[in-house]
Every structure is written in C-alpha cells, then in structure tokens.
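So you can see what is in the structure, the chains are spelled out below.
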Amino acid sequence: MRVLVTGAASALGQEVAAALEAENAELRLLDDCAAQRQDIEWIAARLTDPDAVCQAVRDVDAVVHTGEPPPATESEETLLDRATRGTHVLLQAAVEAGVKRFVYGSTLEVFRAYPDTVYVTEYYKPLPSTEMAVLARYLGEMTCREFAREHPITVTALRLGKLVREEEVAGRERDLMWVDIRDAAQAFCAALARDASESLNWVPRWAVYHIAAPIAHPKFLLGRAESMGYQPQREFRGARA
C-alpha cells in the first residue's frame with residue numbers, strides 16, 4: 001500500500017511513519033518544512049497549496065492526515081485555515097486522484113467539558129471549546145464528514161487523547177485522556193484497513209473512533225475502536241490514580 005502521511009515532521013507523524021514502515025507500506029511524507037528524512041520521498045508544502053497537494057496524492061492508495069501542525073509556530077488564523085481549508089484541499093485532491101481511504105487525526109479534547117465520572121462513547125455530543133487548537137481540529141473533522149457524505153471515499157476520524165509516552169509520565173497523576181503515542185500510531189494503521197468506499201449509503205463510509213489508553217475506570221470507552229482493530233498496549237500502571 002502506498003500511503004501519504006501529512007504532518008510528517010511532528011512526533012505523531014514520525015511514529016505513524018515508523019508503524020507503517022513496519023507493515024511494509026510505501027510512504028510519501030508531507031509537511032510545511034524542509035525534509036526531515038532523506039530515505040523517503042518528502043514534499044515540503046502547505047496543505048493550502050492545491051498544486052503541491054495534488055502532486056502529493058498522486059498514485060497513493062490512502063492518506064493519513066495526522067492533523068498535526070508544522071514545527072513553526074502558527075497564528076490562530078493560520079491554524080484554523082490549515083485545519084479547515086487545508087483539510088478541504090487535501091480531501092478534494094484525494095477524491096480527484098481516486099484515493100479510497102482517508103484517516104484524520106481529531107481530538108478527544110472536544111469532550112473536556114464532560115465530567116470524569118461519565119463514560120463517554122462515540123455517540124456523545126462533542127462540546128468543543130473556543131480554544132483554537134481544539135476548535136480547528138473539530139472543524140477539520142466536520143470537513144471530513146461532509147466529504148464522506150458526498151463522495152465515494154472511506155473517511156475515518158480518530159479522536160486522539162493527549163499524546164504522551166508511558167515511561168515519561170510514570171509517577172505523575174493519571175490523566176484519563178492520555179494515550180501513548182505509539183498506540184495512537186497503531187490506531188492509524190488499523191484504520192487504514194477500513195474500506196467502504198463502494199457503499200452507496202454514506203453512513204458506512206464515515207466512522208469516528210475514540211483513541212485513549214486501556215486504563216481501569218476510564219472516561220472514554222474503547223469497544224468501538226477495538227472492533228476496528230485498535231490494540232493499545234500501554235495502560236499507564238506507573239501513574240498515580
């Protein structure tokens with residue numbers, strides 16, 4: 001499988017690329033910065049550049065849009081533009097190129113307003129704050145949903161928890177939104193197995209999954225994600241409950 005990975009310079013992008021390489025995927029990487037790797041085809045471009053994005057999606061089977069920002073600090077306006085118009089440009093180019101699978105990195109932060117005593121599933125209503133990092137990510141998710149509704153492409157949104165490494169937060173008070181970045185990368189690989197692009201009904205083409213750690217007494221239930229193939233390994237046993 002030939003896969004385009006966006007946000008490739010980010011920590012998540014690097015982990016996703018490594019996980020896909022382990023599964024023998026052929027990669028093309030894209031980010032708004034100079035090449036971070038010389039051994040894989042790298043496209044240095046903004047998501048809002050239609051010509052560059054059309055080049056990036058040419059001849060790929062799937063797109064992993066991590067949703068992660070480039071290394072340079074962005075203004076709120078640029079952050080919003082990249083998450084909305086950039087995601088639209090990427091999806092439009094993918095549809096025109098005949099790409100059938102698209103995976104987007106959304107965020108569980110849209111459920112921050114719910115108390116930790118509530119079990120939150122994918123059927124709960126998101127309550128995104130006006131914090132731009134959260135709102136932009138959610139609006140990108142809504143852009144993905146509308147493309148799945150209108151076009152024959154399978155779109156999977158992964159609402160990611162706070163990306164950490166289990167060993168780096170040992171001894172700290174446990175956060176119910178944590179997910180190990182390596183488990184998050186595995187979720188992207190699992191999501192690429194979904195292909196309902198030929199369904200005449202748009203509902204199977206669109207799916208959302210919550211990606212968090214498999215901890216005791218969780219806030220986010222993972223049954224739906226596990227049925228998709230998510231197999232988290234890090235339970236944060238070293239953290240304080």
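For the structure given in this document, a descriptive report is provided here. (Residues numbered from 1 in each chain as written. Predicted model: local features only at pLDDT ≥ 70, side-chain atom pairs only at ≥ 80, totals over all residues. Heavy atoms only, no water.)

## Some remarks on the pattern of salt bridges
Short version of the rule: Basic side-chain nitrogens of Lys or Arg form a salt bridge, by our definition, when they fall within 4 Å of a carboxyl oxygen of Asp or Glu. The helix count covers DSSP runs of H or I at least four residues long, the strand count covers runs of E at least two residues long, and both are numbered beginning at the N terminus. For the exposure calls, accessible area comes from a 1.4 Å probe over protein chains only, and a residue counts as buried if that area is under 20% of its type's maximum, exposed if over 50%, partly exposed in between.
Summed over all chains, the structure comprises 21 salt bridges. For the salt bridge of Arg2 with Glu26, the shortest nitrogen-to-oxygen distance reads 2.4 Å. With Arg2 in strand β1 (residues 2–6) and Glu26 in strand β2 (residues 26–31), this residue pair connects regions lying 24 residues apart in the sequence. Of the residues examined, Glu26 reaches a relative accessible area of 47% and is grouped as partly exposed. Linked by salt bridges that have partners in common, Arg2, Glu26, Arg28 and Glu41 make up one network.

## What to know about helix α5 (residues 181–191)
Think of an α-helix as 3.6 residues a turn; residues three or four steps apart then line up on the same face. Counted residue by residue, α5 has nine buried out of eleven residues, so it is predominantly covered. Where α5 is concerned, the buried positions are Ile181, Asp183, Ala184, Ala185, Ala187, Phe188, Cys189, Ala190 and Ala191.

## Things to note about the layout of surface pockets
Quick reminder of the rule: Detection works on a 1 Å grid of protein atoms alone, calling trapped sets that fit a 1.4 Å probe cavities and calling open sets with protein on both sides within 12 Å along at least five of seven lines pockets, with lining residues defined by an atom within 4 Å of a point. Grid points are joined across faces, edges and corners, and a volume is the space filled by probe spheres set on the points.
Approximately 310 Å³ is the volume found for the largest pocket. Forming the boundary of the largest pocket are 20 residues, of which Glu68, Thr107, Glu109, Ala133 and Arg137 lie nearest the centre. Among the secondary structure elements, those contributing two or more residues to the lining of the largest pocket are α3 (76–96), β5 (101–107), α4 (132–150) and β7 (162–164). No other element matches α4, which puts four residues into the lining of the largest pocket. Reported here for the second largest pocket is a volume of approximately 210 Å³. Where the lining of the second largest pocket is concerned, the elements lending two or more residues are α4 and β9 (206–211). For the lining of the second largest pocket, the leading source of residues is α4, giving four residues.

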